[in-house]
Amino acid sequence: MSDASDEERAERRLYSIGLILSVVLTVASFATVTTGILPRGWAIPALIVLALTQIVVHLRVFLHIDLTRQKREDLQLLLFTVLLLAIMGFGTLWIMANLAERM
Amino acid sequence: MSAKAQNAHPGMNLGYGEGARKAEVDVFGFWVFLMTDLVTFGLVFAIFGTMVGATAGGPGPEEVTDLRSIAIQTALLLGSSFAFSWASLSMKYDRGRGRTLIFLSFAATSALGFLVMEFIDLRHLVEIGATPQRSGYLSALWALVGLHGLHVAVGLLGVGSLTGQILLYGLTDKIKSRVTRLGLYWHFLDIVWVGIFSMVYLAGVA
Amino acid sequence: MNEDAWTPIPGSGFDWNPLTGRLHWGDLKLLEVFEDPSINSFVASAASWIAVLAALAIVILLTVKRRWGWLWSEWLVSVDHKKIGIMYILTGFVMMARGVAEGVVMRTHQATAYQGGFLSNEHWAELFSTHGTVMIFFVAMPFITGFMNYLIPLQIGARDMAFPVLNQISLGLTATGGALVMISLVVGAFETGGWTAYPPFTGADFDPGPGPDYWVWAIVLSGIGSMLSGLNFAVTIYKLRAPGMTFMRMPVFCWTALCTSILLVFALPPLTVAGLMQALDRLAGFHFFTNDLGGNMMNYANLFWMFGHPEVYILILPAYGIYSELTATFAAKKLYGYTSLVLATMSIAVVSFCVWLHHFYTMGQSPTINAAFGIATGIIAIPTGVKVYVWMATLWRGRIRFTVPMIYMAGFFMLFVIGGFSGIILANPAINWQVHNTQFIVAHFHNVLLPGLIFGIFAGVHIWFPKAFGFRLHERAGAITAFLWIAGFSLTFLPLYVVGLLGYPRRSAAFEDPAFIPYMIVTLCGAFVLLSAFIGLIVTLWLSVRHRDELAVPLGDPWDGRTLEWATPSPPPHYNFAVIPEITGRDAFATEKAEGRPYVTPTEYRDIHMPRDSVAGVFVFLCTTAIGFGLTWWIWWLAILGALVLLGWMFIYPFFDRTDEVIPAETVRLANEAWIAAISLREGVDRDDETTPRNRGFAATDMEQAT
Ligand code: HEM
Ligand SMILES: [Cu+2]
């Protein structure tokens, strides 16, 4: 691939790093559960953190979300969506858990 | 990096004309669509969260989770996503439509493998009586996994359609913009899968 | 019952066959009255006869007048946002006829409902369910979507929507929902669980019949259409503004439209999810909202209102936008407090996602949660209050013309504030517990929907009808109609606050306390006033068409308008603007007039590319109606056929390159110069003569002093 421009090479590198990071994070997630190395009650928070990290990696690498100017619109859209989803998601869990408790 | 900085959407290489403007509008519109899909998935996740305990004496997370199969599915979907990004790169740097098509077909095959594995898993669930009619928990599980699977299947149709278009018309600006949008969809589905394998399967047996 | 035949709900008792599913001749309501004569069957059959005969009359009329080709090529396949907008508003109007008629029947029933009433419980329940569903989803939604469609591109200086074909598809999906609800009038029955259709009452265990399925598919399919509209509007406003039209120069209507679009995009998914889960429960035996096996019906209430509350702001924000344009234009003043209005709109949009629980304070969650959502609800009243002050300040010392739009505005001011206050009262969980599910709620939401939304729409119709059709609406008839609406509303719904506080429950077919009787008679009278107000609209339209020559305003600016749409002839050409305007300030057209340079002839014309006609909308309408009807009646082949055809089309569609239609620069030039020449021949009309035949749509501007 000697004809690849610098830019193309840089992008390939980025994608490869993304792939490797994803694999590492996925393996870590599975290992958390299969090996049971974490104390009880820590596994799920760990899984959440690993999943969120992996999602950020995917967004950055595969979906090209970054902090540069032309991507700002997409980023704002995404953040706004996440905000609303957080309101709806946590609201739901809060309300329903409370109802279950008071049943 | 300067060329990249000028290009509104990194998946394409369209310059600045009317075509690029149209593509920008289309891609932005597609992002908005993805966000509605994100909300949809997020809500189904939330409902799943409220129903984790609702097994009604039926099969629970332990019974329905086959971690080996889930790991393979994860690998297949990640591989598919990666292959798609390679297809986008070939398209962007004009490496010929042959290469683009080859990577697209890798992506499609891998995703097809994912669907087959998922289908086998679900059939197993039916065999052990873990049908969605059994309990609220299983209803939510089937809905979430099924919704994602359906999305992947529709994505495969999209690859089929685009492959035909590329063969017929080559990589025109319009088709490049479509490949870019399908790519976003593809990677988005992988993100949803990260949520599913972590929160539905792994957290279920953790 | 055929033992071998498989039915989706085993033992549900439906006689099922592969060809017609569970549909039989007996489901046709046309014949019900002959088989089993009673008041109920008479009302039901009469309603379905009216629907069928009205449809038949339209078909005959189109055939006799040889208008099918015209209907098809001028309207159904058009992707012009203006025509699509008009079709939305027409849909809303037609559906409103049904909604109002049902309202009057219900009022008549309630006036006789002391220890009874003439309708059966079942029939009464079906009435308020269809009425609510129709009014919210197929009257209010099409109205606001129609206005946004018509106005957004014109006001931001664009030629069409970002996705014109998608726009047509949205209309097709809305039509599907409307068609399903109308079909339910003739075939089978609608559900009885209100417009909210809460399970498990609407679940397969309690109501296995087709009614809830009609509701689900009408709502899910039209809901997808609304979501796509929101997407389309948002992207249009984001990406297609004319050069110089910065966000803070956009007309307020576009701001409200943008916020409504954002709400549509994010609030419709919960409804779709709730609807589809309900469908899975009913058709496939899932257990999302059932009583047994781990189902949880509270999830439904929660999902539904995550849509439902933003929905009320989806409906009211565009009306706020109309009121904003109205006050500025008809007081001949710059809008006071533009920035605060914009900020108020945006904060309403965000906060409206944080209050949904106030619709189910009584569901049993802890007081802490109720308090949290109660506070959020109180907060959302603030921006609305800001708006009312902004409008009043705009009117203050303006040169107000008390024409029809302003009459509606006055009614809105007086009545909407009452509705708003009752809303603040309801926001308090402790009070809410007392009046929940009473007529107080019915009074409250009609109070915000009618004087808030519907008055705004009708005021908007009076303002923009001349833009769309080239002639004004009849002033006197319009004014009488407006007063009828105001009086009718007050008589019908204000007494309900009282009976609500006295404890008359909502949605109840009968009442036991004779003290309610006088109130119910007043509201019955009010309902007839409302009916005559609705007829007044038709009369206004009819008179206007008859006198269209006197009322003609082809030059395009009958009200001394401030925003870009008035800088075009009436009706505007397909491509909206001969050349895309350069925007130099807020209220673009008013700025041009103030600087003394409206109607300049451009130095250069270019060819204009417009999207071509498309059959996509009609096609999607047919496929999705087949899917919805098939799933409702378990006619699987029909549903599968519809779905496969639709999927196949989506697969093949991109293979056909859509080319644009090119309008040559010369054509554009001729049309534009003819219009400008016509203007230069006339004197501008003074505001005092606005409603006289002297008004041809060229305004003598008198804004200089005022602005
Ligand atoms: C024009 C004259 C109207 C009349 C006479 C009328 C009458 C009624 C009546 C009698 C009810 C049943 C109240 C009860 O449950 O006890 C009702 C419910 C309702 N109306 Fe209206 N209404 C009118 C206009 C509207 C409009 C314009 C809208 C909305 C845009 C609307 C939306 C609703 C809704 C959402 C319900 C609740 C249905 C349910 O309980 O599920 N109505 N109306
Ligand atoms: Cu609300």
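Being a predicted model, the structure only gives us computed values, none of them experimental.

Visitor: It is not clear to me how the UniProt feature "transmembrane region" (unreviewed entry) in chain B should be interpreted in this structure. Could you clarify?
Guide: Residue and element names in this part refer to chain B. In the UniProt entry, the feature "transmembrane region" (unreviewed entry) is given for residues 28–50, 70–89, 101–120, 140–171 and 183–203. Within the segment residues 70–89, helix and strand shares are 100% and 0% respectively, and the terminal C-alpha atoms sit 29 Å apart. Note that residues 101–120 is 100% helix and 0% strand, and that its end C-alpha atoms are spaced 28 Å apart.

Visitor: So what exactly am I meant to see when it comes to the site of ligand 1 here?
Guide: Residues and elements named next belong to chain C. In the vicinity of ligand 1, 23 residues are found, and the nearest of them are His 131, Trp 195, Gln 439, His 446 and Arg 507. Trp 195 places a main-chain nitrogen or oxygen 2.7 Å from an oxygen atom of ligand 1. Between a nitrogen atom of ligand 1 and a side-chain N or O atom of His 446, the distance comes to 2.7 Å. For the shell around ligand 1, the secondary structure elements donating two or more residues are α4 (81–111), α5 (121–156) and α14 (439–469). Looking at side-chain class alone, the shell around ligand 1 contains 13 nonpolar, 7 polar and 3 charged residues.

Visitor: It is not clear to me how the interface of chain B and chain A should be interpreted in this structure. Could you clarify?
Guide: A common measure of how large an interface is: the accessible area buried when the components associate. The interface is formed by 45 residues belonging to chain B together with 45 residues belonging to chain A. Taken together, both faces of the contact between chain B and chain A bury some 4100 Å²; the carbon and sulfur share is 77%. Put simply, chain B and chain A have 3 salt bridges between them. Scanning the region where chain B abuts chain A turns up 5 residue pairs in polar contact (both at pLDDT 80 or more). The set of elements that each furnish at least two residues to the side of chain B that touches chain A consists of α1 (2–6), α2 (18–51), α4 (67–92) and α7 (173–205) of chain B. By residue number, the principal contributor to the side of chain B that touches chain A is α7 of chain B, which donates 12 residues.

Visitor: Teacher, can you tell me more about the nonpolar core here?
Guide: Looking at soluble globular proteins, one finds that nonpolar side chains tend to be buried together. Counting 294 residues, the largest nonpolar core has Leu 141 of chain B together with Met 96 and Trp 485 of chain C as its most contacted members. The element contributing the most residues to this core is helix α9 (residues 297–330) of chain C, with 20 residues. Taken domain by domain, this core gets at least three of its residues from each of domain 1 (1–64) and domain 2 (67–103) of chain A. Excluding its chain neighbours within four sequence positions, the residues that come into contact with Met 96 of chain C are Met 135, Val 139, Phe 143, Ile 454, Phe 458, Trp 485 and Phe 534 of chain C. Among the nonpolar cores identified, the runner-up in size contains 8 residues, and Ala 578, Tyr 605, Ile 663 and Ala 665 of chain C belong to it.

Visitor: What should I look at first to understand the UniProt feature "domain: Heme-copper oxidase subunit III family profile" (unreviewed entry) in chain B in this one?
Guide: UniProt marks residues 28–205 of chain B with the feature "domain: Heme-copper oxidase subunit III family profile" (unreviewed entry), using the numbering shown here. Within the segment residues 28–205 of chain B, helix and strand shares are 85% and 0% respectively, and the terminal C-alpha atoms sit 39 Å apart.

Visitor: Would you mind going over the UniProt feature "transmembrane region" (unreviewed entry) in chain A with me for this structure?
Guide: All names here are of chain A. The sites that UniProt annotates as "transmembrane region" (unreviewed entry) are residues 14–38, 44–63 and 75–97. From the first C-alpha to the last, residues 14–38 spans 31 Å; its make-up is 88% helix and 0% strand. Here residues 44–63 runs as 90% helix and 0% strand, with 27 Å between its end C-alpha atoms.

Visitor: Which parts of the structure should I look at to understand the interface of chain C and chain A?
Guide: At the interface, 24 residues of chain C touch 14 residues of chain A. Carbon and sulfur atoms make up 78% of the surface buried where chain C meets chain A, a total of about 1800 Å² over both sides. When the area that chain C buries against chain A is broken down by residue, the three leading residues are Phe 266, Phe 353 and Ile 369 of chain C, summing to 28%. Counting across the interface, chain C meets chain A through 1 salt bridge. A salt bridge links Lys 239 of chain C to Glu 73 of chain A; the nearest nitrogen and oxygen atoms lie 2.8 Å apart.

Visitor: Mind showing me how you'd approach the coordination of the iron atom of ligand 1 here?
Guide: Residue and element names in this part refer to chain C. For the iron atom of ligand 1, the full set of protein donor atoms is His 131 (NE2) and His 446 (NE2), at a range of 1.9 to 2.0 Å. Judged by relative accessible area, which is 14%, His 131 ranks as buried. What makes His 446 buried here is its relative accessible area of 14%.

Visitor: Would you mind going over the packing of α9 of chain C against helix α12 (residues 404–427) of chain C with me for this structure?
Guide: Packed helices, taken two at a time, are described by the angle their axes make and the gap between the axes. All names here are of chain C. Direction vectors running N to C along α9 and α12 enclose 125°, while the axes themselves pass 10 Å from each other. Looking at the two axes, α9 sits oblique to α12. Classified by chirality, the crossing of α12 by α9 is left-handed. Here Ile 316, Tyr 320, Tyr 323, Leu 326, Thr 327 and Phe 330 of α9 lie close against α12, whose contacting residues are Pro 405, Met 406, Met 409, Phe 412 and Phe 416. For the contact of α9 with α12, the residue count by class is 10 nonpolar, 1 polar and no charged.

Visitor: What should I look at first to understand the packing of aromatic side chains in this one?
Guide: Residues and elements named next belong to chain B. Summed over all chains, the structure comprises 64 aromatic pairs over all chains. Ring plane angle 45° and centroid distance 5.6 Å describe the contact between Phe 30 and Phe 33, whose orientation is recorded as tilted. Taken as a pair, Phe 30 and Phe 33 lie in helix α2 at a separation of 3 residues, close to a single helical turn. Looking at Phe 30, the relative accessible area reads 18%, which means it is buried.

The rules we used
Residues numbered from 1 in each chain as written. Chains lettered and ligands numbered in written order. Predicted model: local features only at pLDDT ≥ 70, side-chain atom pairs only at ≥ 80, totals over all residues. Heavy atoms only, no water. UniProt positions renumbered as here; feature names shortened; annotations may be inferred. Helix = DSSP H or I, 4+ residues; strand = E, 2+ residues; numbered from the N terminus. Near = heavy atom within 4 Å. Polar contact = N/O pair within 3.5 Å; in protein donor to acceptor, adjacent residues only side chain to side chain. Nonpolar A, V, L, I, M, F, W, Y, C, P; charged D, E, K, R; others polar. Contact = heavy atoms within 4.5 Å. Buried area = accessible area lost by both parts, 1.4 Å probe. Salt bridge = Lys/Arg side-chain N within 4 Å of Asp/Glu carboxyl O. Core = buried A, V, L, I, M, F, W, Y, C linked by side-chain atoms within 4.5 Å. Buried < 20%, exposed > 50% of the residue type's maximum accessible area, 1.4 Å probe, protein only. Domains from an automatic or database assignment. Donors = N, O, S within 2.8 Å, 3.2 Å for Na, K, Ca; no water. Axes fitted to C-alpha atoms, helices over the stretch in contact; angles between N-to-C directions. Parallel < 35°, antiparallel > 145°, perpendicular 65-115°, else oblique. Left-handed = near helix turned anticlockwise from the far one by under 90°. Phe/Tyr/Trp six-rings, centres within 6.5 Å; stacked < 30°, edge-to-face > 60°.

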